[in-house]
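Next come the chains, spelled out residue by residue.
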Amino acid sequence: MIKIDNISKEYKLGQIGGTTFQDEVQRFFAKLFKKEDPTRKIGAKKYGKNEKLLALDGVSFEINKGERVGLIGNNGAGKSTLLKLISRITSPTKGEIGLNGRVVSMLEVGTGFHPDLTGRENIYMNGAILGMTKKEIDSKIEDIIEFSEIREFIDTPVKRYSSGMYVKLAFSVVSHLDSEIIIMDEVLAVGDIQFQKKCIEKINSVSEEKNRTVLYVSHNMSTIRQLCNRVIVLDKGKVIFDGNTEEGIKTYENLPKNK
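One structure accompanies this document, and this report is about it. Note that the structure is a prediction, hence the values are computed from the model and not measured.

Conventions and cut-offs
Residues numbered from 1 in each chain as written. Predicted model: local features only at pLDDT ≥ 70, side-chain atom pairs only at ≥ 80, totals over all residues. Heavy atoms only, no water. Patch = residues over 30% accessible without salt bridge, like charges linked within 9 Å, V, L, I, M, F, W, Y side chains within 5 Å. Areas by Shrake-Rupley, 256 points an atom, 1.4 Å probe, with all protein chains shown as cover. Salt bridge = Lys/Arg side-chain N within 4 Å of Asp/Glu carboxyl O. Helix = DSSP H or I, 4+ residues; strand = E, 2+ residues; numbered from the N terminus. Buried < 20%, exposed > 50% of the residue type's maximum accessible area, 1.4 Å probe, protein only. Pairing = 2+ DSSP bridges. Axes fitted to C-alpha atoms, helices over the stretch in contact; angles between N-to-C directions. Contact = heavy atoms within 4.5 Å. Core = buried A, V, L, I, M, F, W, Y, C linked by side-chain atoms within 4.5 Å. Phe/Tyr/Trp six-rings, centres within 6.5 Å; stacked < 30°, edge-to-face > 60°. Lys NZ or Arg CZ within 6 Å of the ring centre and 35° of its normal.

### A few points about a nonpolar patch on the surface
(1) Moving on: A cluster of nonpolar side chains, contributed by Phe-21, Val-25, Phe-28, Phe-29, Leu-32 and Phe-33, occupies part of the molecular surface with about 670 Å² of accessible area.
(2) Moving on: The topology assignment puts Val-25 in helix H1 (residues 21-32).
(3) Moving on: Among the residues examined, Val-25 registers a relative accessible area of 32% and is labelled partly exposed.

Okay, here's the thing in structure tokens:
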């Protein structure tokens, strides 16, 4: 369902874009007279023109249909970057990504929602993005609202939702709409314990019954154990383990920052 082939992602360090013509003129004359850049933020580090960060470095793996894969590693290992590449939010610097099916993502609280639309309207919008017809969404919307536990607020603009309400609605949408690949990045950490348990049970059931593929990032090893039947460990932008869940968790826990 997912094929990652020698993926690398490089970022330029420092402030990029967002400057005015006046800023550029000030920078030019400051450089000409060997003075400090007046447009640089206070305390900001001065980066060289070609200083870059390699967030991912030659990552390769395949995920088969119905697998529930946990992606773990220290902060800065490249996990969220990889999910953004798979979700087509950004493009790789090098390598190729192959997807066999529709992808639905939960990368940050509120991602994919329009703040001025109501919860109900956002459900229809997300379904339309996945290529579903209004009739198909109509057949699922009551189940989505019931699972979300926020029926009372479903016709309220989501900009007035708490982070917990965002997660409840977003997860309900993700788990009920028709997609072959589900991607989640630490989103369950925002919800309450009972809702987390409910979400894990739902993901396990849709994966087993409908053979959906799940890619899940978390620092909570308890949820990784409950949800995933395979683990990939990233460290400094590289895959250092791919296999059994318990062995993967041990590898992660033995990384230098976790000792």
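Next comes the rest of the account.
### Focus: the environment of Ile-123
(1) Moving on: Within the secondary structure layout, Ile-123 lies in helix H3 (residues 119-129).
(2) Moving on: The exposure class of Ile-123 is buried, given its relative accessible area of 0%.

### Quick notes on the sheet that holds strand S8 (residues 230-235)
(1) Moving on: A sheet is described by the order of its strands in space; here 6 strands give the open sequence S5-S6-S7-S3-S8-S9, paired in mixed fashion. Both outer strands of the open sheet, strand S5 (103-106) and strand S9 (238-243), are each paired with one neighbouring strand and no more. Adjacent strand axes in the sheet meet at a mean angle of 15 degrees, parallel and antiparallel pairs treated alike.
(2) Moving on: Sheet strands in contact with helix H2 (residues 79-86) are strand S3 (68-72), strand S6 (181-185), strand S7 (213-217) and S8, and its direction is about 150 degrees off that of S6.
(3) Moving on: Lying over the sheet, helix H6 (residues 193-210) contacts S3, S6 and S7, oriented at roughly 130 degrees with respect to S3.

### Quick notes on the nonpolar core
(1) Moving on: Counting 42 residues, the largest nonpolar core has Ile-123, Leu-169, Phe-171, Ile-182, Met-184, Ile-203 and Ile-224 as its most contacted members.
(2) Moving on: Setting aside residues up to four positions removed in sequence, Met-184 forms contacts with Leu-83, Met-106, Phe-171, Ile-203, Val-214, Leu-215, Tyr-216, Val-217 and Leu-227.
(3) Moving on: Counting 23 residues, the second largest nonpolar core, distinct from the first, contains Ile-4, Val-59, Ala-77 and Leu-85.

### Some remarks on the packing of aromatic side chains
(1) Moving on: Counted according to the given criterion, the structure contains 5 aromatic pairs.
(2) Moving on: When the ring of Phe-147 is compared with that of Phe-171, the centres are 6.0 Å apart and the planes differ by 25 degrees; the resulting orientation is stacked. Of the two residues, Phe-147 sits in helix H4 (residues 134-148) while Phe-171 sits in helix H5 (residues 163-176), which places them 24 residues apart along the sequence.
(3) Moving on: Taking relative accessible area as the criterion, Phe-147 reaches 11% and is therefore assigned buried.
(4) Moving on: Accessibility expressed as a relative area gives 0% for Phe-171, which makes it buried.
(5) Moving on: Grouped by ring-pair contacts, the aromatic residues Phe-113, Tyr-161 and Tyr-166 constitute a single cluster.
(6) Moving on: In this arrangement the basic side chain of Lys-198 is found over the ring face of Phe-147, its NZ or CZ atom lying 4.4 Å from the centre.

Any functional reading would require information that these geometric values do not contain.
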